[in-house]
Protein chains: 2
Amino acid sequence: MTERGGPAARAVLQQCLQARLQVRPAEEPSEEPSKEPAEAQFVQIDRGMVIYICFFKGATDDMLPKMVSTLLNVRLCESDSGKTVSVSELPGSLLIVPQATLGGKAKGRAMQYHDNVGKEDGRRLYGAFVSLCEDQLAVVKHGTYGNRQVLKLDTNGPYTHLMDF
Amino acid sequence: MTERGGPAARAVLQQCLQARLQVRPAEEPSEEPSKEPAEAQFVQIDRGMVIYICFFKGATDDMLPKMVSTLLNVRLCESDSGKTVSVSELPGSLLIVPQATLGGKAKGRAMQYHDNVGKEDGRRLYGAFVSLCEDQLAVVKHGTYGNRQVLKLDTNGPYTHLMDF
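Residues numbered from 1 in each chain as written. Chains lettered and ligands numbered in written order. Predicted model: local features only at pLDDT ≥ 70, side-chain atom pairs only at ≥ 80, totals over all residues. Heavy atoms only, no water.

### Description of the sheet that holds strand β10 (residues 140–142) of chain A
All names here are of chain A.
Part 1 of the argument: Strand order in the open sheet formed by five strands is β10-β7-β4-β1-β12, and the pairing between neighbours is mixed. Looking at which strands have only one partner, the edges of the open sheet turn out to be β10 and β12 (161–164). The mean angle between the axes of side-by-side strands here comes to 20 degrees, regardless of whether they run parallel or antiparallel.
Part 2 of the argument: The pairing of strand β7 (residues 93–98) with β10 spans three bridges and is classified as parallel. Opposite L95, over in β10, you have K141 as the bridge partner.
Part 3 of the argument: Each of β1 (9–16), β4 (48–55), β7 and β12 touches helix α1 (residues 64–73); the most contacted strand, β4, lies at about 150 degrees to it.
Part 4 of the argument: The strands that helix α2 (residues 119–136) touches are β4, β7 and β10; relative to β4, the one it contacts most, it runs at about 155 degrees. (Pairing = 2+ DSSP bridges. Helix = DSSP H or I, 4+ residues; strand = E, 2+ residues; numbered from the N terminus. Axes fitted to C-alpha atoms, helices over the stretch in contact; angles between N-to-C directions. Contact = heavy atoms within 4.5 Å.)

### Regarding the relation of the copies chain B and chain A
Part 1 of the argument: Turning chain B through 180 degrees and shifting it by 0.0 Å along the axis lays it on chain A, with an RMSD of 0.0 Å. Classification of the inter-copy transformation places it as that of a two-fold axis. Rotation axis and chain B: the residue whose C-alpha lies nearest the axis is L153 of chain B, separated from it by 2.5 Å.
Part 2 of the argument: Taken together, the interface assignments show that 100% of the residues at the interface of chain B recur at the interface of chain A, consistent with an identical surface on both copies. (Least-squares fit on C-alpha atoms with pLDDT ≥ 70 in both.)

### Side note on the packing of aromatic side chains
For any pair of aromatic rings, geometry is given as the distance between the ring centres together with the angle between the planes.
Part 1 of the argument: Overall, the coordinates contain four aromatic pairs over all chains when judged by the stated rule.
Part 2 of the argument: Here R20 of chain A stacks its cationic end above the ring of F42 of chain A, 3.8 Å away from the centre of that ring. (Phe/Tyr/Trp six-rings, centres within 6.5 Å; stacked < 30°, edge-to-face > 60°. Lys NZ or Arg CZ within 6 Å of the ring centre and 35° of its normal.)

### Some remarks on helix α1 (residues 64–73) of chain B
Residue and element names in this part refer to chain B.
Part 1 of the argument: The complete set of buried residues in α1 reads L64, M67, V68, L71 and L72. The buried residues of α1 occupy an angular sector of 120 degrees when the element is viewed end-on, so they sit on one face.
Part 2 of the argument: Next to the buried residues of α1 lie β1 (9–16), β4 (48–55), β7 (93–98), α2 (119–136) and β12 (161–164). (Buried < 20%, exposed > 50% of the residue type's maximum accessible area, 1.4 Å probe, protein only. Arc of directions from axis to C-beta.)

### Quick notes on the layout of surface pockets
Part 1 of the argument: By volume, the largest pocket amounts to about 750 Å³.
Part 2 of the argument: Every residue lining the largest pocket is counted, 28 residues in all, and those nearest its centre are R10 and D164 of chain A together with R10, L162 and D164 of chain B.
Part 3 of the argument: Elements represented by at least two residues in the lining of the largest pocket include exactly β8 (105–107) and β12 of chain A together with β8 (105–107) and β12 of chain B.
Part 4 of the argument: When the residues that make up the lining of the largest pocket are grouped by side-chain class, the tally is 12 nonpolar, six polar and 10 charged. (1 Å grid on protein atoms, 1.4 Å probe; cavity = no way out; pocket = protein on both sides within 12 Å on 5 of 7 lines; lining within 4 Å. Points joined across faces, edges and corners; volume = space filled by probe spheres on them. Nonpolar A, V, L, I, M, F, W, Y, C, P; charged D, E, K, R; others polar.)

### Overview of the interface of chain B and chain A
Part 1 of the argument: Each partner contributes to the interface: chain B provides 36 residues, whereas chain A provides 36 residues.
Part 2 of the argument: Between chain B and chain A the total buried area reaches about 3200 Å² when both faces are included, carbon and sulfur atoms providing 50% of it.
Part 3 of the argument: Linking chain B with chain A are six salt bridges.
Part 4 of the argument: We note a salt bridge from R148 of chain A to E78 of chain B, for which the minimum N-O separation is 2.8 Å.
Part 5 of the argument: Viewed at the interface, chain A and chain B are joined by 25 residue pairs in polar contact (both at pLDDT 80 or more).
Part 6 of the argument: Among the secondary structure elements, those contributing two or more residues to the side of chain B that touches chain A are β1, β9 (110–112), β11 (151–154) and β12 of chain B. (Buried area = accessible area lost by both parts, 1.4 Å probe. Salt bridge = Lys/Arg side-chain N within 4 Å of Asp/Glu carboxyl O. Polar contact = N/O pair within 3.5 Å; in protein donor to acceptor, adjacent residues only side chain to side chain.)

### Comments concerning the pairing of β1 of chain A
Residue and element names in this part refer to chain A.
Part 1 of the argument: Along β1, eight of the eight residues are buried, which leaves the element largely enclosed by surrounding structure.
Part 2 of the argument: Here β1 shows a buried face lined by A9, A11, L13 and Q15 and a second buried face lined by R10, V12, Q14 and C16.
Part 3 of the argument: With eight bridges joining them, β1 and β4 adopt antiparallel strand pairing. Paired with A11 across the strands is I53, a residue of β4.

### Details of the pattern of salt bridges
Part 1 of the argument: All told, the structure shown has 16 salt bridges over all chains when counted by the stated rule.
Part 2 of the argument: In this structure, D164 of chain A and R10 of chain A form a salt bridge, with 2.8 Å as the shortest nitrogen-oxygen distance. Of this pair, D164 of chain A sits in strand β12 while R10 of chain A sits in strand β1; the two residues are 154 residues apart in sequence, bridging distant segments of the chain.
Part 3 of the argument: Overall, R10 of chain A belongs to the buried group, its relative accessible area being 11%.
Part 4 of the argument: Across the salt bridge formed by E89 of chain B and R109 of chain A, the nearest N and O atoms sit 2.8 Å from each other. Pair noted here: E89 of chain B is in the loop between β6 (84–85) and β7 and R109 of chain A is in the loop between β8 and β9 (110–112), and the two residues belong to different chains.
Part 5 of the argument: Taken together, the salt bridges that share partners define one network made up of D61, D121 and R124 of chain A.

This is the structure we're talking about:
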């Protein structure tokens, strides 16, 4: 919670059998016919969890360790035997998707994002969040902050959860 | 908002290029060898929006028309020209996914769902919500309340939004 009363960060969590995310878009064809434009680049995880993450004004680096610990240790995943376990216990992989749209509030028919953290702070917090996850889980993939998050998801039931911090 | 101060319903919205949802699981093989078990059944939409929906205690039928009108008319989708438009304006299809997990709150490492509406009320509200969407949009598909929501999603950026009612 921040001084303005709202959350400092918001995460939406979905379980997946496989998830694929674009981390670099394809290059536009060049005017030099000899130069092949680079293809789009993707990262992929198999069984695990997708974390869509958004930071608000008032978010601090100090809050990240507890946030990461909660997200990786709360029991949201289904084991082979049908038991509910954390992504760390599964053990599963993690795909982190920066998702500024999660900070949106409807005003009339338009969405506004006034509470979202600024771009530079958001990029730093996102990078630190990814690093902390990488410290705790063997397989962590993540999207590029500020890019379009071209995502493909295959689930056996996403079990979508929301967690505000 | 309800008397307890929390929301009466929660929707998570994602844009898709294609989405496929299981509406009936495959039948278990029968002991009669002559009888072929029925295959799983799916619904599918192409370009449009996925609505994950959860009702809380205190949700009423009265709130549904305004809720549906908001969800179908708020500008969350990207048109071919890059303009932000509503799913009705796109015009896009709708896939409605009942998602009780959206009502979860972490207590320690476990998720609790104490604020979720009861099963019978939830089923009725969900059915009424689907009917109202069907009245307003040409292509509306939906999951079966209470089932596992086996979902496959292909996006050009999910633009995940949260809306509480």
